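Examining the three-dimensional arrangement
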Amino acid sequence: MVSTPVEREIGRFLRQTRPEVLCIRGRWGIGKTFAWEEVLGSAAHSKLPAENYAYVSLFGLNSIAEVRQAVFESTIKVSEFRAGPSPRTLQERIAEILGRGYRQVSTRVSEAALVRDYFGALPSILHLAIRNQIICFDDLERRGEGLRVKDLLGLASHLHQKRDCRVCIILNDDALDGDQSEFLTHSEKVIDRSIQFVGDPASAADIALSLSSCESADVREAALALKITNIRTIVKTIWFLKRAEAAAGVTSKVVRRDICRMLMLAVWAGSEPGSPSLDFIKKRARDLESYVTAQTDKLSGDEKEWDRLLKDYEVSSFDKIDEILLDGVQSGYFDEENLAKEVRLLEAKSLKLSKAGEFQEVIRMFLSSFGNNEDYIVEKIEKIFARNKEFISVNQINAAVDILKRLGKRPEALKMLDSYFEQDTLSDSYINVDDLFFGFSQPDEDLLERVQSINERHRHGASPTQLIPKVLMASSWRSKELSDVAAFSIEEYARVFRTLRGSELGKCVRGGLAFLEHDRTDVVAGSADEKFGRIGRNTREALK
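Here's what I pulled together on the structure shown here. (Residues numbered from 1 in each chain as written. Predicted model: local features only at pLDDT ≥ 70, side-chain atom pairs only at ≥ 80, totals over all residues. Heavy atoms only, no water.)

1. Remarks on the overall build of the chain
Counting its secondary structure elements, the chain contains 28 helices and six strands. Within the chain, the proportion of its 544 residues that are buried is 48%. Put simply, of all contacts in the chain between residues at least 6 apart along the chain, 74% involve residues at least 24 apart. (Helix = DSSP H or I, 4+ residues; strand = E, 2+ residues; numbered from the N terminus. Buried < 20%, exposed > 50% of the residue type's maximum accessible area, 1.4 Å probe, protein only. Contact = heavy atoms within 4.5 Å.)

Right, dumping it as structure tokens:
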């Protein structure tokens, strides 16, 4: 159904009995030609004043003679415009004009030879056949150097006034450069109606998804978030997304969404007004220290706007996979081996969060329920724990144990605690009690006893893996923790940073570099400021 103002104008142009010259203006890639063809397609099987149609892209055409020839070669029945011109339609067109003698010759001569010979001998006769039809001239701003704007407009006027043709000219008038003045001067005498086509992100996304036979909600969401109106940008993103999914075997919906958002950003970068450059995005991915230290004082006006845009788009940090995707868009192909490796890591992390969320949901079910469903809750907790215990946090196990004890299931609670803390990932690392317990419950005494037993084994040595992120991401610190982190070597900082990903890495780096404001020569040795400065320097050096 024709609905937009532009589509209504196109429909009116096609159906009215009096021929006109219509001009559709708008930026590249926003759907001007698509809208024209959609309306023409809807009207093609109804009775139109003109039966024939020719679509001619002026891209690279250098003379009026070439344009006239292209019009003739491209002329087909309106009802066949979806299929487009072919050797058959050209042969039928010439035969229609020259009669049966041509048909006899055409059975023995190639179409290419016929076009060359007949246009060489009878160009005037063939051009005279162009009358009472619909003609669309597209890509005026991309014409060859030998084709002048006023010559094309002159041909459009001739076809309109002398041949009763309906002529539509589609262009990006902002890209006419030095020819814009010439276009405005002559178009006033030629063009009957000029309409501005303004694309919108929702329509661009819908068109791109349709053209790509894709139904991804992630693509649409990302395109709308960036307010992209260029259909080609979205189509190109879909192509890269399909390649990435095939190369890496993406199965997680969460990971697929993240990949889609980064690819959309990378493809869009530099392709539309207001978009950040790909170099700027890559700078954030590969030179986090430089970006962080410059973000408040050294960013240009455009870079500050890009920084705000990336934050709104929820790009606050970069993983290794983001670098691979950015490089892939720039080079045209992905490092498939490393992409698959990073996808597996992200999907494992996503799975862990999903399983932890499943356990959390059972806890929430108990807290919000007033029904007599204790046996169901106990059974559910035990089953999910047995299936997902490696994904469950200490906070969650504390809550589950508390619930079991409330329901008179102390033996089951203790058995669950023993099973949980037997895991190597817990028994081999220091657990900071102060960071664990939030929400409705206090630390369970039996759980606390097991945590303290584990920590006792680590009491003689602080763990850099635990303490560096804790101090760098916190707003307050204990004196002992501050001293330990300040004493760690630059190599320890670097090792810890290499184990972190995404937002955790970004927070640690920003937090560590913030300590540099205390890096002065007048501080007292052993003071808090001296330790602050050392932490900042170690962070900076570890990033090199």
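Alright, that's what it looks like, and here's the rest.
2. Overview of the packing of aromatic side chains
Summed over all chains, the structure comprises nine aromatic pairs. The interplanar angle of 90 degrees and the centroid separation of 5.2 Å between the aromatic rings of Tyr420 and Phe421 together place this pair among those described as edge-to-face. The pair formed by Tyr420 and Phe421 is uniform in burial state, with each residue classed as buried. The cationic tip of Arg142 hangs over the ring face of Phe59; the distance from NZ or CZ to the ring centre is 5.7 Å. The ring of Tyr313 has Arg261 sitting right over it, with the charged end atom 4.2 Å from the ring centre. (Phe/Tyr/Trp six-rings, centres within 6.5 Å; stacked < 30°, edge-to-face > 60°. Lys NZ or Arg CZ within 6 Å of the ring centre and 35° of its normal.)

3. Details of the sheet that holds strand 4 (residues 133-138)
One open sheet accounts for six strands, arranged 3-2-4-5-1-6; its pairing is mixed. Looking at which strands have only one partner, the edges of the open sheet turn out to be strand 3 (76-77) and strand 6 (193-196). Judged from the two bridges that link them, strand 2 (residues 52-57) and strand 3 form a sheet pairing that is antiparallel. Looking at the pairing, Asn52 lines up with Lys77 of strand 3. Its contacts with the sheet place helix 2 (residues 32-43) against strand 1 (21-25), strand 2, strand 4 and strand 5 (166-171), and it is angled at close to 150 degrees to strand 5. (Pairing = 2+ DSSP bridges. Axes fitted to C-alpha atoms, helices over the stretch in contact; angles between N-to-C directions.)

4. Quick word on the pattern of salt bridges
Enumeration over the complete set of coordinates arrives at 23 salt bridges. One salt bridge connects Arg540 with Glu541, and the closest N-O pair in it is separated by 3.6 Å. Residue classification places Arg540 among the partly exposed positions, given a relative accessible area of 26%. Given a relative accessible area of 30%, Glu541 falls into the partly exposed group. Salt bridges sharing partners connect three or more residues here, namely Glu9, Arg12, Arg18, Glu20 and Arg193. (Salt bridge = Lys/Arg side-chain N within 4 Å of Asp/Glu carboxyl O.)

5. Here's the deal with the pairing of strand 1
Most of strand 1 sits inside the fold, with five of its five residues counted as buried. The alternating pattern of strand 1 places Val21, Cys23 and Arg25 on one face and Leu22 and Ile24 on the opposite face, and all of these are buried. As defined by bridge partners, strand 1 adjoins strand 6 across four bridges and the pair is classed as parallel. Its bridge partner being in strand 6, Cys23 is matched across the sheet by Ser194.

6. Quick look at the environment of Thr237
The residue Thr237 is located in helix 12 (residues 231-248) in this model. Assessed through its relative accessible area of 0%, Thr237 is described here as buried. In contact with Thr237, other than residues within four places in its own chain, are Cys260, Leu263, Met264 and Val267.

7. Quick look at unusual backbone geometry
Trans peptide bonds make up most of the peptide bonds, and negative phi angles are found at most residues other than glycine. A positive phi angle is found at Asp164, which is not glycine, with a value near 55 degrees. Asp164 gets classed as partly exposed once you look at its relative accessible area, which sits at 43%. Within the chain, Lys227 stands out as a residue other than glycine whose phi angle is a positive 60 degrees. When its relative accessible area of 62% is taken as the criterion, Lys227 is described as exposed.

8. Focus: helix 18 (residues 336-367)
Side chains that are three or four residues apart share a direction in an α-helix, a result of its 3.6 residues per turn. With 32 residues, helix 18 ought to run about 46 Å at 1.5 Å a step, and its terminal C-alpha atoms sit 46 Å apart, in line with that. In this fold, the buried residues of helix 18 make contact with helix 12, helix 13 (253-268), helix 17 (320-331), helix 19 (374-388) and helix 20 (394-406). (Expected span 1.5 Å × (residues − 1).)

9. Brief notes about helix 21 (residues 410-421)
For helix 21, spanning 12 residues, the distance from its first C-alpha to its last is 17 Å, which sits close to the expected 16 Å at 1.5 Å a residue. All of the buried residues in helix 21 are Ala413, Met416, Leu417, Ser419, Tyr420 and Phe421.

10. Thoughts on the nonpolar core
With 50 residues, the main nonpolar core has Ile234, Ile259, Leu263, Met264, Leu265 and Leu339 as its most contacted residues. Mapped by element, the contributors of at least two residues to this core are helix 10 (201-211), helix 11 (217-225), helix 12, helix 13, helix 14 (278-286), helix 16 (301-312), helix 17 and helix 18. If one sorts the elements of this core by residue count, helix 13 sits on top with 10 residues. Every residue in contact with Leu265, bar those within four places of it in the chain, is listed here: Leu226, Pro276, Ile281, Leu310, Tyr313 and Val315. Of all hydrophobic cores here, the second largest spans 34 residues; its members include Val71, Ile135, Ile169 and Leu176. (Core = buried A, V, L, I, M, F, W, Y, C linked by side-chain atoms within 4.5 Å.)

11. Points about the side chain of Gln396
Inspection of the secondary structure puts Gln396 in helix 20. Look at Gln396 and you get buried, because its relative accessible area is 8%. Beyond its immediate sequence surroundings of up to four residues, Gln396 is in contact with Ala356, Phe359, Gln360, Ile363 and Phe391.

12. A short note on the packing of helix 19 against helix 21
Between helix 19 and helix 21, the least distance of the axes is 11 Å, while the angle of their chain directions is 15 degrees. In terms of their interaxial angle, helix 19 and helix 21 are classed as roughly parallel. You can see that helix 19 and helix 21 cross each other, and the crossing is left-handed. Contacts from Ile381, Glu382 and Phe385 of helix 19 reach helix 21 at Glu412, Met416, Ser419 and Tyr420. Per-class residue counts for the contact of helix 19 with helix 21 are four nonpolar, one polar and two charged. (Parallel < 35°, antiparallel > 145°, perpendicular 65-115°, else oblique. Left-handed = near helix turned anticlockwise from the far one by under 90°. Nonpolar A, V, L, I, M, F, W, Y, C, P; charged D, E, K, R; others polar.)

13. Some words on the environment of Thr499
Along the chain, Thr499 falls in helix 26 (residues 490-499). For Thr499, a relative accessible area of 49% translates into the label partly exposed. Between the C-alpha atoms of Thr499 and Thr465, which are 34 residues apart in sequence, the distance is 8.6 Å. Among the polar contacts made by the side chain of Thr499, one reaches the main-chain carbonyl oxygen of Val496 at a distance of 2.6 Å. (Polar contact = N/O pair within 3.5 Å; in protein donor to acceptor, adjacent residues only side chain to side chain.)

14. Topic: the environment of Asp164
Within the element layout of this structure, Asp164 appears in the loop between helix 8 (149-161) and strand 5. Remark: the alpha-carbon pair of Asp164 and Ile130, spanning 34 residues in sequence, is separated by 9.4 Å. When residues no more than four places from it in sequence are discounted, the contact partners of Asp164 are Pro19, Asn132, Gln133 and Leu159.

Function-wise, these values are silent; they only describe arrangement.
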